[in-house]
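The chain contents come next:
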Amino acid sequence: MQWMTLLKKELLENWRNKKWIWVPLVIILLSIMDPLTTYFMPQILDSVGGMPEGTVIEMPEFAPAEVVLITLGQLSSLGVLIVVLITMGTITGERKSGVSELVLVKPVSFWNYISAKWVSFLLLVWASLFFGILVHWYYINILFGNLSFTEFLTIFFFFGVWLTFVVSLTIFYSSVVKSTGLVAFFTILTIMAMSLVTEIFQYVLDWSPNNLSDYIFESLVNGEVVSDLWITAGITFGISLLLLVSSVQIFKRKEMVIS
Amino acid sequence: MEVLTENIQLFLPLIIIQVVLFIVAIIDIIRIKETNGPKWIWVIVAFLSILGPIIYFIFGRRRD
């Protein structure tokens, strides 16, 4: 099985460059930072000082779902940045160092080459997210109140779909652009532009991928997965597949030109 | 600091993760053939801040 061999190569590479160690740890770090700072905010403000004597700070009581939303916001900014940074060099780097030529000189199909990369990064990102959200779920239950296991699965699965989109977009740009820095730049730019467009046309773009976090929050509040979330997740996954297929097509054409 | 010592179970995972990231980064810097720039700079970076090890993993390893 050629595809399995390629996948093993990618997994081994991500193990050797320690991504399998530090990415899960950083995602866990990001997921527990916000529950802790939210919970201990009064004490933190107290110890920082600078408040006049006798100031009483009324902190609102946070519901579990609200803290989840804050954390998803964190994961949508810093988490997405990390995902882009670990994925960006996967094709451009191999082009530069000549590894892609070494691989593709053999009868390896472009589809296998790129989809193995895609799956290997998805495994890494989904595993990291699983541990991150698991620890997050534990902290929420200790500090803020009950959040059921089904709700944990809801957060994990649907936010994973969003990160799948981010990986696909990064791999897409990685096959289009030659420089690794530009891959990161275009990916972040696209995601920012998408969130802006979603913001402006929010009454039309009900099912934009950027709305996933909001629908997860809504589902937690309602106590069941709202149908908008299913549709948005489906569309997001569809776009991801489309990006994967088109990046293979573009990559094929580019490699033809070179050789 | 009182908050920290009273709720040490809650903060312990944070500290452990930091330490593990730091140790893995240092071992990697020592064992890797070549870093992106002089090695001793990356040792300092890893020491300097909480984000140091992560910055090393992203930018310090040569992409080849």
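Source: prediction; values computed, not measured.

Cut-offs applied
Residues numbered from 1 in each chain as written. Chains lettered and ligands numbered in written order. Predicted model: local features only at pLDDT ≥ 70, side-chain atom pairs only at ≥ 80, totals over all residues. Heavy atoms only, no water. Contact = heavy atoms within 4.5 Å. Salt bridge = Lys/Arg side-chain N within 4 Å of Asp/Glu carboxyl O. Polar contact = N/O pair within 3.5 Å; in protein donor to acceptor, adjacent residues only side chain to side chain. Helix = DSSP H or I, 4+ residues; strand = E, 2+ residues; numbered from the N terminus. Nonpolar A, V, L, I, M, F, W, Y, C, P; charged D, E, K, R; others polar. Core = buried A, V, L, I, M, F, W, Y, C linked by side-chain atoms within 4.5 Å. Buried < 20%, exposed > 50% of the residue type's maximum accessible area, 1.4 Å probe, protein only. Axes fitted to C-alpha atoms, helices over the stretch in contact; angles between N-to-C directions. Parallel < 35°, antiparallel > 145°, perpendicular 65-115°, else oblique. Left-handed = near helix turned anticlockwise from the far one by under 90°. UniProt positions renumbered as here; feature names shortened; annotations may be inferred. Patch = residues over 30% accessible without salt bridge, like charges linked within 9 Å, V, L, I, M, F, W, Y side chains within 5 Å. Areas by Shrake-Rupley, 256 points an atom, 1.4 Å probe, with all protein chains shown as cover.

Across the boundary between the two partners, chain A contributes 22 residues, which contact 19 residues of chain B. At the surface where chain A touches chain B, the tally comes to one salt bridge. As a salt-bridge pair, D28(B) and K18(A) come within 3.1 Å of each other at their nearest N and O atoms. Taken together, the links from chain A to chain B amount to two residue pairs in polar contact (both at pLDDT 80 or more). Examining the composition of the side of chain A that touches chain B, we find that nine residues originate from one element, helix α2 (residues 19-39) of chain A, more than from any other. Residue composition of the side of chain A that touches chain B, grouped by class: 16 nonpolar, four polar and two charged.

Turning our eyes to something else, we now look at the nonpolar core. One recurring pattern in soluble globular proteins is that nonpolar side chains are buried together. Counting 89 residues, the largest nonpolar core has W22(A) and W162(A) as its most contacted members. The contact partners of W22(A), leaving out residues within four places of it in the chain, are N17(A), I82(A), I86(A), L21(B), I54(B), F57(B) and I58(B).

Here we take up the packing of helix α4 (residues 64-87) of chain A against helix α10 (residues 212-222) of chain A. Two measures define how a pair of helices packs: the angle their axes make with one another and the distance between the axes. Residues and elements named next belong to chain A. Running from amino to carboxyl end, α4 crosses α10 at an angle of 165°, the nearest separation of the two axes being 10 Å. Between α4 and α10, the angle is such that the two are roughly antiparallel. For α4 against α10, the interelement crossing comes out right-handed. Contact residues: α4 offers A65, E66, V68, L69, L72 and S76, while α10 offers S213, D214, I216, F217, L220 and V221. Counted by class, the contact of α4 with α10 contains eight nonpolar, two polar and two charged residues.

All names here are of chain B. Sites flagged by UniProt as "transmembrane region" (unreviewed entry) map to residues 7-27 and 39-59. Strand forms 0% of residues 7-27 and helix 95%; the C-alpha atoms that close the span are 31 Å apart. Along residues 39-59 the backbone is 86% helical and 0% strand, and the end-to-end C-alpha distance reaches 12 Å.

Glancing now at a nonpolar patch on the surface. On the surface, I8(B), L12(B), I15(B), I16(B), V19(B), V20(B), I23(B) and I27(B) cluster together into a nonpolar patch covering about 610 Å² of accessible area. Within the fold, V19(B) resides in helix α2 (residues 8-31).

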